[in-house]
Amino acid sequence: MSFKRTFAILLRQLYLIRGSFSRVFPLFAWIGVDMILWGFLTKYLNAITSTAFNFVPVLLGAVLLWDFFIRIMQGVTMAFFEDVWSRNFLNIFSTPLTIREYVLGLVLSSITTSIVGVAVMVLIATIFFKLSLLVYGIMIIPFLIVLFLFGIALGIFGSALVLRFGPASEWFIWPIPALISPFAGVLYPVATLPGWMQFISHFLPPSYVFEGLRAIVAGKGVHISYLVWGGCLAVGYILLSYMFFIGIYRHALSTGLIARYSAETLA
Amino acid sequence: MPGSIDIMHNILSVKTLRKTYGDLTAVDGVSFDIKRGEIVGLLGPNGAGKTTTINMILGVLKPDTGTIEIEGFNLFSRRCEAMARTNFAAVYAPLPGNLTILENLNIFGLLYEVDNIPEKVDKLIRQFDLGPFKNKKCGVLSSGEQTRVSLAKAMLNNPHLLLLDEPTASLDPATAREIRVRIREFATQSTSGILWTSHNMYEVEEVCDRVLFLSHGKILLEGNPKTLPAEHGKKTLEEIFIAVAREPLTLGAS
């Protein structure tokens, strides 16, 4: 494992961001808009409901955490897409760079770019809508880690799909979070869902995170089992997605797809 | 022992390399070596298997059978060591156009774990006359300038094996000659081995110590580019090339 080679992947991303407003803007713009939209909605809900229930940590907090997860996932795929868009596979995969170093470089790029977005989200939510992440207590940290790991896993999985099916398959990747969100119970308890959807939600780490955080806000205490299940699933998905990426890479080496990636398919 | 001086007479050793795509055999049992300081021309018509062979040596295409050793390091079991000694430039693999020359060279310097990257990059920028453009994005450079950037990248790690796929294809004759001289100097001074593909037979004759003619994935002819035409009853290397492309069987038999 070479730190220099891993750093090269991160440095590439930093160079690109430094020189491009169109790359900096999306890091915070849309999630900032999301915070404002959901912030006002929660304010409105607080105003029209007579109970003392506070929607801010339940809805706005959940949206913030969900956007964090999306940013992590897209941080990985965006760094990967830079090689797709610049047709750079032949250049980088003919260096001593290993797949492990490459994937780690994508993860580091994601962490770096996500920090910007998360900071903007937290600032807006805290300053304008009085959301305090302290309401979740110390458990926010392990739950964030679970979301982080699952975001990385989906990012690696999405990158592998694009490597396999070519640049045009990008559209497979963008809607993945939207497809998962109804099952993950981001804005409502999983118990609200019909049985078949609840069954699927059992396999999604975010559903444990949001169930766990809702329990904390409702004063029902910390459910360690949620954390353990969510954590184990997320780690499992990371391993599976990494193995999937390796498998796709090896397939691309045998078929010549790496060398002729712009052809999309050699079938 | 891999990498030891004794067995490093051969920089590259390719044995019975074979690659098929479905029913098409792109490379069919190709074997050859490249020695220190030697420039070998890999020639043949379009579709003969040159780029497929180069891609396999670069580790981006897995052969069906056969072995590749770079300074004794098996490319498939010791990939990192093998690739650290190798570099390439190809007209179809420009560096990312959304990064500047300096940025690209810095990144590839890290990927090849080059010592003292700023000094090395500065030297290459001067060597390839890239100074005025060093902060320009590669995508806005002319094709000739992009070729020089690719060559600078290819020299970053002082490769012991340099693969050049039509390196002068998009250069004007004067620049192409200059580049040929520099690559020739590089081979002599560094005792590196170079595998060079080109469709310019005058260039091949000027630069290469030995040529391999590929046709339908097989090596049909091999020899000194200066003496090979006479050995096969032809006047020039270009005549041999045309004969390989049109009548490979007659040449293979001679």
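What you are looking at is a predicted structure, and each value in this text was computed from that prediction instead of being measured. (Residues numbered from 1 in each chain as written. Chains lettered and ligands numbered in written order. Predicted model: local features only at pLDDT ≥ 70, side-chain atom pairs only at ≥ 80, totals over all residues.)

Points about the overall build of chain B
Here is step 1 of the chain: Scanning chain B from terminus to terminus reveals 10 helices and 10 strands.
Here is step 2 of the chain: At 18 Å, chain B has a C-alpha radius of gyration in line with the 18 Å of a compact globule built from 254 residues.
Here is step 3 of the chain: Taken along its principal axes, the extent of the C-alpha atoms in chain B is 55 × 45 × 40 Å.
Here is step 4 of the chain: Residues counted as buried form 50% of the 254 residues belonging to chain B.
Here is step 5 of the chain: Taking contacts inside chain B between residues at least 6 apart in sequence as the whole, the part at least 24 apart equals 67%. (Helix = DSSP H or I, 4+ residues; strand = E, 2+ residues; numbered from the N terminus. Rg over C-alpha atoms; globule rule 2.2 N^0.38 Å. Buried ≥ 20, exposed ≤ 12 C-beta atoms within 10 Å, placed from the backbone. Contact = placed C-beta atoms within 7 Å.)

A few points about the packing of helix 3 (residues 101-111) of chain B against helix 4 (residues 117-127) of chain B
Residue and element names in this part refer to chain B.
Here is step 1 of the chain: For the pair helix 3 and helix 4, interaxial distance at closest approach is 10 Å and the crossing angle is 130°. As far as their axial angle goes, helix 4 and helix 3 are oblique. Helix-helix and strand crossings are classified by hand; for helix 3 and helix 4 the assignment is right-handed. Touching Leu 102, Leu 105, Asn 106, Gly 109 and Leu 110 of helix 3 are Ile 117, Lys 120, Val 121 and Leu 124, all from helix 4. (Axes fitted to C-alpha atoms, helices over the stretch in contact; angles between N-to-C directions. Parallel < 35°, antiparallel > 145°, perpendicular 65-115°, else oblique. Left-handed = near helix turned anticlockwise from the far one by under 90°.)

Regarding the sheet that holds strand 5 (residues 73-74) of chain B
Sheet strands pair via backbone hydrogen bonds, and the direction of the pair is either parallel or antiparallel.
Residues and elements named next belong to chain B.
Here is step 1 of the chain: Reading across from one edge, 2-1-4-5 is the order of the 4 strands in this open sheet, with antiparallel pairing throughout. Strands at the two margins of the open sheet, each flanked by one partner only, are strand 2 (24-35) and strand 5.
Here is step 2 of the chain: Bridging between strand 4 (residues 65-70) and strand 5 involves 2 bridges; their strand directions are antiparallel. Counterpart to Glu 69 in the pairing with strand 5 is Asn 74.
Here is step 3 of the chain: Taken strand by strand, helix 1 (residues 50-57) contacts strand 1 (10-21), strand 2 and strand 4, and its axis lies near 120° from that of strand 1. (Pairing = 2+ DSSP bridges.)

Some remarks on the interface of chain B and chain A
Here is step 1 of the chain: With 23 residues of chain B at the interface, the matching set in chain A holds 26 residues.
Here is step 2 of the chain: Listing elements by their share of the side of chain B that touches chain A, those giving two or more residues are helix 2 (79-84) and helix 3 of chain B.
Here is step 3 of the chain: The greatest single-element share of the side of chain B that touches chain A, amounting to 4 residues, is contributed by helix 3 of chain B.
Here is step 4 of the chain: In terms of residue class, the side of chain B that touches chain A is built from 16 nonpolar, 4 polar and 3 charged. (Nonpolar A, V, L, I, M, F, W, Y, C, P; charged D, E, K, R; others polar.)

Things to note about the pairing of strand 9 (residues 210-215) of chain B
Across a regular strand the side chains alternate sides, sitting on one face of the sheet and then on the other.
All names here are of chain B.
Here is step 1 of the chain: Most of strand 9 is tucked away, with 5 of its 6 residues classed as buried.
Here is step 2 of the chain: Both strand 3 (residues 39-43) and strand 9 contribute to a ladder of 4 bridges, which runs parallel. Residue pairing for strand 9: Gly 41 is matched across the bridge by Val 211.
Here is step 3 of the chain: Across 5 bridges, the pairing between strand 9 and strand 10 (residues 218-223) is antiparallel. Directly across from Phe 213, in strand 10, lies its bridge partner Leu 221.
Here is step 4 of the chain: If you look at the hairpin formed by strand 9 and strand 10, you'll find 2 residues sitting between the two strands, and His 216 has a positive phi there, around 50°.

Let's talk about the sheet that holds strand 8 (residues 193-197) of chain B
Residues and elements named next belong to chain B.
Here is step 1 of the chain: With mixed pairing, 6 strands are arranged side by side in an open sheet as 6-7-8-3-9-10. Each edge of the open sheet is held by one strand with a lone partner, namely strand 6 (86-90) and strand 10. Taking the axes of each pair of neighbouring strands and ignoring which way they run, one obtains an average angle of 20° across the sheet.
Here is step 2 of the chain: Taken together, the 5 bridges between strand 7 (residues 161-165) and strand 8 define a ladder with parallel strand orientation. The partner of Asp 165 across the bridge, within strand 8, is Thr 197.
Here is step 3 of the chain: On top of the sheet, helix 5 (residues 143-155) reaches strand 6 and strand 7; it is set at about 175° to strand 6, its chief contact.
Here is step 4 of the chain: Running at roughly 25° to strand 9, helix 9 (residues 237-246) makes contact with strand 3, strand 9 and strand 10 of the sheet.

Let's talk about the confidence of the model for chain A
For any part of a model where pLDDT is low, the fine detail of the predicted coordinates should not be relied upon.
Residues and elements named next belong to chain A.
Here is step 1 of the chain: Looking at chain A, the pLDDT average stands at 90 and 97% of residues meet or exceed 70.
Here is step 2 of the chain: The weakest mean pLDDT in chain A belongs to helix 7 (residues 170-173) at 86; the strongest belongs to helix 9 (residues 195-201) at 96.
Here is step 3 of the chain: Predicted confidence for residues 263-267 stays below pLDDT 50, and this span has 9 contacts to residues more than four positions away or in other chains. (pLDDT = per-residue confidence, 0-100.)

Description of the confidence of the model for chain B
Residue and element names in this part refer to chain B.
Here is step 1 of the chain: Overall, the prediction assigns chain B a mean pLDDT of 89, with 94% of residues at 70 or greater.
Here is step 2 of the chain: The secondary structure element of chain B with the lowest average pLDDT is helix 10 (residues 248-253), at 56, and the one with the highest is helix 3, at 97.
Here is step 3 of the chain: For this predicted complex, the interface confidence reaches an ipTM of 0.89, while the overall pTM sits at 0.90.

Notes on the packing of helix 1 (residues 3-18) of chain A against helix 3 of chain B
Packed helices, taken two at a time, are described by their axes: the angle between them and the distance between them.
Here is step 1 of the chain: The N-to-C vectors of helix 1 of chain A and helix 3 of chain B enclose an angle of 160°; their axes lie 7 Å apart at closest approach. With respect to helix 3 of chain B, the element helix 1 of chain A is oriented roughly antiparallel. At the point where helix 1 of chain A passes helix 3 of chain B, the crossing takes the left-handed sense. In this structure, helix 1 of chain A uses Lys 4, Arg 5, Phe 7, Ala 8, Leu 11, Arg 12 and Tyr 15 of chain A to contact helix 3 of chain B, whose residues at the interface are Glu 103, Ile 107, Leu 110 and Leu 111 of chain B.

Things to note about helix 2 (residues 21-48) of chain A
Think of an α-helix as 3.6 residues a turn; residues three or four steps apart then line up on the same face.
Residues and elements named next belong to chain A.
Here is step 1 of the chain: The end-to-end C-alpha distance of helix 2, which contains 28 residues, comes to 40 Å, matching closely the 40 Å that a straight helix rising 1.5 Å per residue would cover.
Here is step 2 of the chain: In the structure, helix 2 departs most strongly from a straight axis at Leu 27, where the bend amounts to approximately 30°.
Here is step 3 of the chain: Buried residues of helix 2: Leu 27, Phe 28, Ile 31, Met 35, Trp 38, Gly 39 and Thr 42, and no others.
Here is step 4 of the chain: On its buried face, helix 2 is in contact with helix 3 (55-85) and helix 5 (99-129). (Expected span 1.5 Å × (residues − 1). Bend = angle between axes of the 7 residues up to and from the residue.)

Describing the environment of Arg 78 of chain B
All names here are of chain B.
Here is step 1 of the chain: Mapped onto the secondary structure, Arg 78 falls in the loop between strand 5 and helix 2.
Here is step 2 of the chain: Here Arg 78 falls in the partly exposed class, since 17 other C-beta atoms lie within 10 Å of it.
Here is step 3 of the chain: Sequence separation between Arg 78 and Thr 25 is 53 residues; the distance between their C-alpha atoms is 27 Å.

As for unusual backbone geometry
Residue and element names in this part refer to chain B.
Here is step 1 of the chain: The phi dihedral of Glu 71 is positive, around 50°, even though this residue is not glycine.
Here is step 2 of the chain: Structurally, the position occupied by Glu 71 is in the loop between strand 4 and strand 5.
Here is step 3 of the chain: With 24 C-beta atoms packed within 10 Å, Glu 71 lands in the buried category.
Here is step 4 of the chain: In this structure, Asn 158 is a non-glycine residue whose phi angle is positive, near 45°.
Here is step 5 of the chain: Considering the arrangement of structural elements, one finds Asn 158 in the loop between helix 5 and strand 7.
Here is step 6 of the chain: Judged by the 15 C-beta atoms lying within 10 Å of it, Asn 158 is partly exposed.

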